[in-house]
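One letter stands for each residue in the lines below.
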Amino acid sequence: MALRMGIEEEYFVVDPGSREVVPRAAAVVRRAERALGERASTELVDFLAEAKTPPCDDLDKLEEQVEAMRAAMAGAAAAEGVRLAATGTPVLGDLVPAPIGAGARYAESLAVYRALDDEQSICSCHVHIEMPDRERAVAVSNHLRPWLPTLLALAANSPYWAGRDTGHACWRVMTWARWPVAGPPPYFESYAHYEELVGTLLGCGALMDTGTIFWDVRPSARLPTVEVRLGDVAPTAADASVFAALIRALVEMSVRAVEAGEPPPDPPQEMLRAAYWLAARDGLAGDGVDVCTGRPAAFRELAGDLLAHVLPALRDSGDLDRVAAGVRRLMTGGTGAERQRAAYRRRGRLTDVVDAALLRQRAL
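Residues numbered from 1 in each chain as written. Predicted model: local features only at pLDDT ≥ 70, side-chain atom pairs only at ≥ 80, totals over all residues. Heavy atoms only, no water.

Digging into the environment of tyrosine 106
Consideration 1: If you trace the backbone, tyrosine 106 turns up in helix α3 (residues 104-113).
Consideration 2: Distance from tyrosine 106 to glutamine 269, taken between C-alpha atoms, is 30 Å for residues 163 residues apart in sequence.
Consideration 3: Beyond its immediate chain neighbours, meaning those up to four positions away, tyrosine 106 contacts Thr42, Glu43, Leu44, Ile100 and Gly101. (Helix = DSSP H or I, 4+ residues; strand = E, 2+ residues; numbered from the N terminus. Contact = heavy atoms within 4.5 Å.)

Considering the state of the cysteines
Consideration 1: By the definition in use, this model includes zero disulfides.
Consideration 2: Of the cysteine sulfurs around cysteine 56, a residue in no disulfide, the closest is that of cysteine 125, at 13 Å.
Consideration 3: The exposure class of cysteine 56 is buried, given its relative accessible area of 5%. (Disulfide = S-S within 2.5 Å. Buried < 20%, exposed > 50% of the residue type's maximum accessible area, 1.4 Å probe, protein only.)

Considering the environment of valine 258
Consideration 1: One can find valine 258 in helix α8 (residues 237-259).
Consideration 2: Classification of valine 258 by relative accessible area gives partly exposed; the value is 24%.
Consideration 3: Through-space distance from the C-alpha of valine 258 to that of methionine 174 is 32 Å; in sequence the pair is 84 residues apart.
Consideration 4: In contact with valine 258, not counting residues within four places along its chain, are Arg136, Ala139, Val140 and His143.

Some details on the nonpolar core
It is characteristic of soluble globular proteins that their nonpolar side chains tend to be buried jointly.
Consideration 1: Counting residues in each nonpolar core, the largest one holds 110 residues, and the members touching the most others are Tyr11, Met73, Leu151, Leu246, Val251 and Val323.
Consideration 2: Among the elements that make up this core, the one with the highest residue count is α8 (13 residues).
Consideration 3: Aside from chain neighbours lying at most four places away, what touches valine 323 is Leu59, Val242, Ala245, Leu246, Leu307 and Leu314.
Consideration 4: Counting residues in each nonpolar core, the second largest holds 11 residues, with Val138, Val181, Tyr194 and Leu207 among its members. (Core = buried A, V, L, I, M, F, W, Y, C linked by side-chain atoms within 4.5 Å.)

Some words on α8
Consideration 1: Here α8 is 23 residues long and its end C-alpha atoms lie 33 Å apart, about the 33 Å a rise of 1.5 Å per residue gives.
Consideration 2: Of all 23 residues in α8, 18 are buried, a share of seventy percent or more.
Consideration 3: Following α8 by one or two positions, glycine 261 adopts a phi angle in the positive range, close to 75°. (Expected span 1.5 Å × (residues − 1).)

Quick word on the packing of aromatic side chains
Consideration 1: Summed over the entire model, instances satisfying the criterion amount to nine aromatic pairs.
Consideration 2: For the pair tyrosine 113 and tryptophan 179, a centre-to-centre distance of 4.7 Å together with 50° between the ring planes defines the contact as tilted. Of the two residues, tyrosine 113 sits in helix α3 while tryptophan 179 sits in the loop between α6 (171-176) and β8 (182-183), which places them 66 residues apart along the sequence.
Consideration 3: Under the relative-accessibility criterion, tryptophan 179 is labelled buried at 6%.
Consideration 4: For the ring pair tyrosine 160 and tyrosine 344, a centre distance of 6.2 Å and an interplane angle of 50° mean the geometry is tilted. Here the residue tyrosine 160 occupies a position in strand β6 (residues 160-161), and tyrosine 344 occupies one in helix α12 (residues 336-347), the gap between them amounting to 184 residues.
Consideration 5: A relative accessible area of 4% means that tyrosine 160 is categorised as buried. (Phe/Tyr/Trp six-rings, centres within 6.5 Å; stacked < 30°, edge-to-face > 60°.)

Here we look at the pattern of salt bridges
Consideration 1: Counting across every chain of the model gives 28 salt bridges.
Consideration 2: The partner of glutamate 63 in a salt bridge is arginine 322, and the shortest N-O contact between them spans 2.8 Å. Of this pair, glutamate 63 sits in helix α2 (residues 59-79) while arginine 322 sits in helix α11 (residues 320-333), placing them 259 residues apart in sequence.
Consideration 3: Relative accessible area serves as the criterion here: at 17%, glutamate 63 is assigned to the buried category.
Consideration 4: The salt bridge involving arginine 218 is made with glutamate 227; its shortest N-O contact spans 2.9 Å. The same class applies to arginine 218 as to glutamate 227, namely buried.
Consideration 5: Residues participating in the shared-partner salt-bridge network are Arg24, Arg31 and Glu80. (Salt bridge = Lys/Arg side-chain N within 4 Å of Asp/Glu carboxyl O.)

Focus: the environment of aspartate 216
Consideration 1: Tracing the chain through its elements places aspartate 216 in the loop between β9 (214-215) and β10 (217-219).
Consideration 2: You can call aspartate 216 buried: its relative accessible area is 3%.
Consideration 3: Separated by 187 residues in sequence, aspartate 216 and valine 29 place their C-alpha atoms 26 Å apart.
Consideration 4: Among residues more than four places away in sequence, those in contact with aspartate 216 are Trp176, Gly183, Pro184, Pro185, Glu227, Val228, Arg229, Leu230 and Tyr276.
Consideration 5: A polar side-chain atom of aspartate 216 sits 2.8 Å from a polar atom in the side chain of tyrosine 276. (Polar contact = N/O pair within 3.5 Å; in protein donor to acceptor, adjacent residues only side chain to side chain.)

Quick word on the packing of α8 against α11
Consideration 1: One can describe the packing of α8 onto α11 by two numbers: an axis separation of 9 Å at closest approach and a directional angle of 120°. Judged by the angle between their axes, α8 and α11 are oblique. In this structure, α8 meets α11 at a crossing whose hand is left-handed. Residues Ala238, Asp239, Val242, Ala245 and Leu246 of α8 form the contact with α11, whose participating residues are Arg322, Val323, Gly326, Val327 and Arg329.
Consideration 2: Here the residues of the contact of α8 with α11 are counted per class, giving six nonpolar, one polar and three charged. (Axes fitted to C-alpha atoms, helices over the stretch in contact; angles between N-to-C directions. Parallel < 35°, antiparallel > 145°, perpendicular 65-115°, else oblique. Left-handed = near helix turned anticlockwise from the far one by under 90°. Nonpolar A, V, L, I, M, F, W, Y, C, P; charged D, E, K, R; others polar.)

Rendered as structure tokens:
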């Protein structure tokens, strides 16, 4: 039986006239809760609204849920006189310092992390894959580590920041890298090792609580899942769903390796960081590195290697045709970052970039 999967997405609240981000997320979420309940929520910054799918066991159901979730959020935003945009960083607006949402936890975050919160205006896609226990989630995390830079390149959708082209495909990851516990996770000998390290980080004050473990793979703090949280929010529901199905296949292959007793690769953390930087700079169009061998390789080649690796799991789930087509679409039609830049080149207007990223409302 296929592992169940779910998606969390964050969206920017933008003014429909100027297309600049506006601090209206709390109002949008209150209205969206009528349709989505607790699956709509606020985030640290009041430019951001978040929504979650329920767990889904197949790709068709997941895409339907993402489409319905986005439509409900878009409808709530329209009723509040604003729009929502799916891009990893804000294209236009006065961003610093960011407006921090209300609540004791956000106030505590500001006290602990200080100016880091000032530029925390980023939107990501978190993919949850069902796990039997946290021991298994940590073991799977070890097997996922070598593939994370390639996943990052596939999901890049944040080239613009506050009215300028950063020159990067994924600027969100560059801003995120400054946090004390973020980026590619370490190699863990066991779940006990994971708990020991987290306890040390909590004890020294580098973590505010377990909710601020921001490694790109982690056992979820509140759900029976392994959470893969390195992607920019996807341009479309189809892109998001294919990305989640690709991750599920990678997790499935990792589970098989764990059950077979295969030792996970252990690329150096420095190599992973370098590969992350290359993926964030140029995305799928650029050159990367095989983190296990140090061999330079184009990210398109590495994406092909990833697809070949997960082929058995994709066949077993029935997702092979859809996921392979989705990866080919990214390779030929461009990632979200490339599509954003294409929207700008057509008329040289950043407002067109925002318009291309707006969530579309539809009848539910």
